Amino acid sequence: MEPSELKRSKDSPNSDESTRRSSFPDEVLERVLSLLKSHRDRSSVSLVCKDWYNAERWSRTHVFIGNCYSVSPEIVARRFPKIKSVTLKGKPRFSDFNLVPENWGADIHAWLVVFAAKYPFLEELRLKRMAISDESLEFLAVSFPNFKALSLLSCDGFSTNGLAAIATHCKNLTELDIQENGIDDNGGSWLSCFPESFTSLEVLNFANLSSDINFDALERLVGRCKSMRVLKLNRSVSLEQLQRLLVNAPQLAELGTGSFSEELTFRQYVELESALSNCKNMHTLSGLWDAKGIYLPALSPVCTHLTFLNLSYAALRSDELAKLLAHCPRLKRLWVLDTVEDKGLEAVGLNCPLLEELRVFPADPFDEEIIHGVTEAGFVAVSFGCPRLHYVLYFCRQMTNAAVATIVQNCPDFTHFRLCIMIPGQPDYITNEPMDEAFGAVVKTCTKLQRLSVSGRLTDLTFEYIGRYAKNLETLSVAFAGSSDWGMQCVMGGCSKLRKLEIRDCPFGNAALLSGLEKYESMRSLWMSACNVTMNGCRLLAREMPRLNVEVMKEDGSDDSQADKVYVYRSIAGPRRDAPPSVLTL
């Protein structure tokens, strides 16, 4: 549920429309609406008339909530009585960069208590940046007898003891997906908590756990679960152990290997290659921790059918990547580290004509003296060979306006363009000009653009371009950029579909903040940190827009008149009651 949809959940449909009778019997209408998968489409349908509103209300089984404080669990339960699946997001994205206090909030337990009372038939829970304790996981495990799927992404507060509770009590579990969480890893014994009679697991992902696991328990579990299609292992699983698992699970569609650097005998290598060649359905490959080039040829049998290759944990060199990609003609998504350098990206352009998504991450983002990495040349090479590219996340240390203009000319269908020039305020390194024309080219050429992250030396001209041309933009991330409040005023005045705006370390002040008065109620959130916003400006916003939650996070010793970090969002639940002392709700 987005903020604009929250108002709809509270208000009745238009009174004139509500009087119209649907021409469909209720049973038929509910059946038709159950086929709609998009939460936006369902929310739009609910506005047609009162009959459609009620039919949508009773037929919805999944709810997406983009901000856990935009609505309360009680309000959700009142509107949708038959929910079986919930996706819930908590902390602002900048919590990933340690800019949000650890005790900020977003605790799941109050939601679970309401769900246990109202949705005892709950089957799926997908959480992102939420706080969840072991006690909450145990409560979840024992409260929902039909529970099937748990996905935790960038959550914190729990340990492997909580996973043990899930394994022990969730008899019908089909999915356990644990990604990038702040977890207290007490060892791998939790895997032995799955009963020997348990056979239903289809998805198991524990790639980011750090400790050794109970491999015997894992091997038995994988052997029993014949419908398992996703298995992502942590780096403690050796190549020899991987081979044993694959023998028991040739049906896998997605595999995340463990360590790929163990010394193998020739016989072990042949057995690994044979086990991989038997995985005829595999389309996604990740892991490859500490990969050694000598063993990469064993992957060739599965590469032919791969559509997604995630090498973000494998510091491959350009020649190693090139040899691997020569066997990946169907690749649509590729994640790599910048250790592949421009030569590796040239191989991407030569071998992956169907590529739609590219992410290049820095192997060492804090080493400013590093001489390797990727530049504009690698990005341009990809654009020439991959005309279908529409999603990019690209970390680099240098870029030019001309290169970006060439890239978007070659790939005009970008929907997500996230360019991170890692040295703040870096200009075009050839002309020493700001990077304004680069992002101007992006928004002028890419008319389908939905998400944009800007970086480098930027003046207000960049934001004038964004406001004038980026008419489909939904998410904008800005750091170390801009000249004055005018830049943000251009964005607020021009980007009619904007839903999320994230700003840090910019010269924007109160005039910029208040320029969004007419926009914030239709947005999911605004984040501003290390800007020139004052407490008085935030108070004025809160006074003018009482349906917004305006939260200011204060740091010890900071100027009382300044608003260090500002988080603004629409809520129909009112101010939250669990904010720590460091968070002021105005």
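Thresholds applied
- Residues numbered from 1 in each chain as written.
- Predicted model: local features only at pLDDT ≥ 70, side-chain atom pairs only at ≥ 80, totals over all residues.
- Heavy atoms only, no water.
- Helix = DSSP H or I, 4+ residues; strand = E, 2+ residues; numbered from the N terminus.
- Rg over C-alpha atoms; globule rule 2.2 N^0.38 Å.
- Buried < 20%, exposed > 50% of the residue type's maximum accessible area, 1.4 Å probe, protein only.
- Contact = heavy atoms within 4.5 Å.
- Lys, Arg positive; Asp, Glu negative; His and termini not counted.
- Charge placed at Lys NZ, Arg CZ, Asp CG, Glu CD.
- Core = buried A, V, L, I, M, F, W, Y, C linked by side-chain atoms within 4.5 Å.
- Pairing = 2+ DSSP bridges.
- Right-handed = clockwise from strand over helix to strand, strands pointing away.
- Salt bridge = Lys/Arg side-chain N within 4 Å of Asp/Glu carboxyl O.
- Axes fitted to C-alpha atoms, helices over the stretch in contact; angles between N-to-C directions.
- Parallel < 35°, antiparallel > 145°, perpendicular 65-115°, else oblique.
- Left-handed = near helix turned anticlockwise from the far one by under 90°.
- Nonpolar A, V, L, I, M, F, W, Y, C, P; charged D, E, K, R; others polar.
- pLDDT = per-residue confidence, 0-100.
- Polar contact = N/O pair within 3.5 Å; in protein donor to acceptor, adjacent residues only side chain to side chain.

A. Region of the structure containing the overall build of the protein chain. From N to C terminus, the protein chain includes 22 helices and 23 strands. Relative to the compact-globule value of 25 Å for 586 residues, the protein chain shows a C-alpha radius of gyration of 25 Å, a close match. Along the first, second and third principal axes, the C-alpha set of the protein chain runs to 75 × 65 × 55 Å. A buried classification covers 57% of the 586 residues belonging to the protein chain. For the protein chain, the share of sequence-separated contacts (at least 6 apart) that also reach a separation of at least 24 residues comes to 71%. Averaging the locations of the 65 positively and 72 negatively charged side chains of the protein chain gives two centres separated by 8 Å.

B. Spotlight on the nonpolar core. Counting 180 residues, the largest nonpolar core has Leu204, Phe417, Leu452 and Ile466 as its most contacted members. Leave out the neighbours within four places in its chain, and Leu452 touches Phe417, Phe439, Val442, Val443, Ile466, Leu473, Thr475, Leu476 and Ser477.

C. A look at unusual backbone geometry. Here the phi dihedral of Ser154 falls at roughly 55°; this positive angle occurs in a residue that is not glycine. Counting through the fold element by element, Ser154 comes out in the loop between β4 (149-153) and β5 (156-159). For Ser154, a relative accessible area of 18% gives the class buried. Unusually for a residue other than glycine, Phe480 sits at a positive phi of about 55°. With respect to the secondary-structure elements, Phe480 resides in the loop between β18 (475-479) and α20 (485-494). For Phe480, a relative accessible area of 36% corresponds to the partly exposed category.

D. View of the pairing of strand β2 (residues 85-89). The element β2 is largely enclosed, with a buried count of four among its five residues. Examined bridge by bridge, strand β1 (residues 62-65) and β2 share four bridges and lie parallel to one another. By the bridge assignment, Ile65 is partnered in β2 with Leu88. Between the parallel pair β1 and β2, the chain is carried across by helix α6 (residues 73-79), and the sense of this crossover is right-handed.

E. Representation of helix α11 (residues 239-248). For α11, the full list of buried residues reads Leu239, Gln241, Leu242, Gln243, Leu245 and Leu246. Summarising the contacts, the buried residues of α11 are in contact with α10 (215-224), β9 (230-232), β10 (254-256) and α12 (266-277).

F. Fine view of the environment of Val76. Of note, Val76 is situated in helix α6. Look at Val76 and you get buried, because its relative accessible area is 1%. Sequence spacing of Val76 and Val63 is 13 residues, and the spatial spacing of their C-alpha atoms is 8.6 Å.

G. Structural detail: the pattern of salt bridges. Counting across every chain of the model gives 27 salt bridges. Across the salt bridge formed by Lys91 and Asp156, the nearest N and O atoms sit 2.8 Å from each other. Within this pair, whereas Lys91 is found in the loop between β2 and α7 (109-118), its partner Asp156 is found in strand β5, the two being separated by 65 residues in sequence. A relative accessible area of 26% places Asp156 in the partly exposed class. Between Glu202 and Arg229 there is a salt bridge; the shortest N-O distance is 3.7 Å. With Glu202 in the loop between β7 (182-184) and β8 (203-205) and Arg229 in the loop between α10 and β9, this residue pair connects regions lying 27 residues apart in the sequence. Owing to a relative accessible area of 28%, Glu202 belongs among the partly exposed residues under this scheme. Using a relative accessible area of 39% as the deciding quantity, one classes Arg229 as partly exposed. Three or more residues are tied together by salt bridges with common partners; here these are Arg93, Lys500 and Glu502.

H. Region of interest: the packing of α7 against helix α8 (residues 134-143). The interhelical angle for the contact between α7 and α8, taken along N-to-C directions, is 15°, at an axis separation of 10 Å. With respect to α8, the axis of α7 lies roughly parallel. Crossing hand, α7 versus α8: left-handed. In this structure, α7 uses His109, Leu112, Val113 and Ala116 to contact α8, whose residues at the interface are Ser136, Phe139, Leu140 and Ser143. When its residues are assigned to classes, the contact of α7 with α8 shows five nonpolar, three polar and no charged.

I. Geometry of the environment of Ile166. Examined against the element boundaries, Ile166 turns out to sit in helix α9 (residues 160-169). Measuring from C-alpha to C-alpha, the distance between Ile166 and Leu458 comes to 49 Å, with 292 residues separating the pair along the chain. Other than its neighbours up to four places away in sequence, Ile166 contacts Leu137, Leu140, Ala141, Leu150, Leu173 and Leu176.

J. Representation of the pairing of strand β16 (residues 416-421) in the model. Among the six residues of β16, five are classified as buried, and the element is accordingly described as predominantly covered. Sheet analysis places strand β15 (residues 391-396) next to β16, joined by six bridges and oriented parallel. The partner of Cys396 across the bridge, within β16, is Ile421. With respect to chirality, the unit in which β15 leads through helix α17 (residues 401-410) into the neighbouring parallel β16 is right-handed. In the sheet, β16 pairs with strand β17 (residues 451-454) via three bridges, with the strands oriented parallel. Within the sheet, the bridge partner assigned to His416 lies in β17 and is Arg451. Between the parallel pair β16 and β17, the chain is carried across by helix α18 (residues 436-445), and the sense of this crossover is right-handed.

K. Representation of the confidence of the model for the protein chain in the model. Across the protein chain, the average pLDDT comes to 91, with 90% of residues at or above 70. Long-range and interchain partners of residues 3-21, a stretch whose pLDDT sits below 50, account for 40 contacts in this model, where long-range means more than four residues apart.

L. Spotlight on α8. Listed as buried for α8 are Asp134, Ser136, Leu137, Leu140, Ala141 and Ser143. Contacts made by the buried residues of α8 are with α7, β3 (124-128), β4, β5 and α9.

M. Here's a closer look at the environment of Gln562. Note on placement: Gln562 falls in the loop between β21 (548-553) and β22 (565-570). Assessed through its relative accessible area of 27%, Gln562 is described here as partly exposed. Note: C-alpha distance between Gln562 and Ser227 (335 residues apart in sequence) is 56 Å. Not counting residues within four places of it along the chain, the set of residues in contact with Gln562 comprises Asn532, Val533, Thr534, Met535 and Lys554. A polar contact is formed between the side chain of Gln562 and the backbone oxygen of Val533, at a distance of 3.5 Å.

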